[in-house]
Every structure is written in C-alpha cells, then in structure tokens.
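Summary of the model geometry
Single-letter residue listing:
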Amino acid sequence: MDQMLGGLDRILACVGKRVVHCDSQGDALTVEASSTVRGASCPVCRRWSNRLHGSYVRRLQERPILEQQLVLAVQMHRFKCPSADCPRRTFAESIGPLAGRHQRRTRSQARALLALG
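Nothing here was measured: the structure is a model prediction, and the numbers come from that model. (Residues numbered from 1 in each chain as written. Predicted model: local features only at pLDDT ≥ 70, side-chain atom pairs only at ≥ 80, totals over all residues. Heavy atoms only, no water.)

This part is about the packing of aromatic side chains. Overall, the coordinates contain one aromatic pair when judged by the stated rule. When the ring of Phe-79 is compared with that of Phe-91, the centres are 6.0 Å apart and the planes differ by 35 degrees; the resulting orientation is tilted. Of this pair, Phe-79 sits in strand 6 (residues 68-80) while Phe-91 sits in strand 7 (residues 90-92), placing them twelve residues apart in sequence. Exposure class is identical for Phe-79 and Phe-91. Each is buried. (Phe/Tyr/Trp six-rings, centres within 6.5 Å; stacked < 30°, edge-to-face > 60°. Helix = DSSP H or I, 4+ residues; strand = E, 2+ residues; numbered from the N terminus. Buried < 20%, exposed > 50% of the residue type's maximum accessible area, 1.4 Å probe, protein only.)

Right, dumping it as structure tokens:
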C-alpha cells in the first residue's frame, strides 16, 4: 500500500498536489490530496495571480486498485485574476495532465473505459 501511495504521490506532484490522507471504507479507497500551488496563470489573459479566492474539493474516480474503487479527493484553489480588463474574474488552477476541466474521472480511467467500449 505504501508503494502505491508513493507512486500516486509522484503523479500528483506533477500537477502541484501531495497526498495527505488515505482512508479505506468497505470497497472504496479514498486518497485525499492537498494543493501545493501558490499561484496560477489566468486561462484567458495569461497573467499570473497568487491572490487566493477560495478552494474546493474535486472528486475523481481512478482505475480500481486491489479490487477497491479508488477515489481521489483533490483540493483545488481558485484565484482572482489580477487584470481589471480580463472578462474572467476568478479561475481554478489546472490539473490538465490528471483530468480535464469537467471530467469526473482521471484521464487514465477514461482511456480504460473507452478501450472497454
């Protein structure tokens, strides 16, 4: 289990996250990851911002591990855009390599489901 969490921690580090807690209940394994990101660039005007607007938890399903459903509870930060001319007032940090903007599954889980279909 420690080896699996170590590998998952390395993957999450690529998108500015780190594993803080792991909880196993029944047939589900929930891995909580906090954000290590202190700032991000606005997706519209590309200006850098470190003005934190808030945070929320995003839940992503990953491929099962050892017959347990794996859910990633990832903390996401929202930032305020520093540009007054930008139409985007707030934006969330990107975890593009892990999952798309509105996906509820990780990219690897989506590819596995697509291969089954």
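Now that the structure is up, let's keep going.
This structure, assessed with the given rule, holds one salt bridge. Lys-17 is the partner of Glu-93 in a salt bridge, and the nearest nitrogen-oxygen pair spans 2.9 Å. Of this pair, Glu-93 sits in the loop between strand 7 and helix 2 (107-116) while Lys-17 sits in strand 1 (residues 17-25), placing them 76 residues apart in sequence. Among the residues examined, Lys-17 registers a relative accessible area of 2% and is labelled buried. (Salt bridge = Lys/Arg side-chain N within 4 Å of Asp/Glu carboxyl O.)

Honestly, that's just the spatial picture; any functional story needs more than this.
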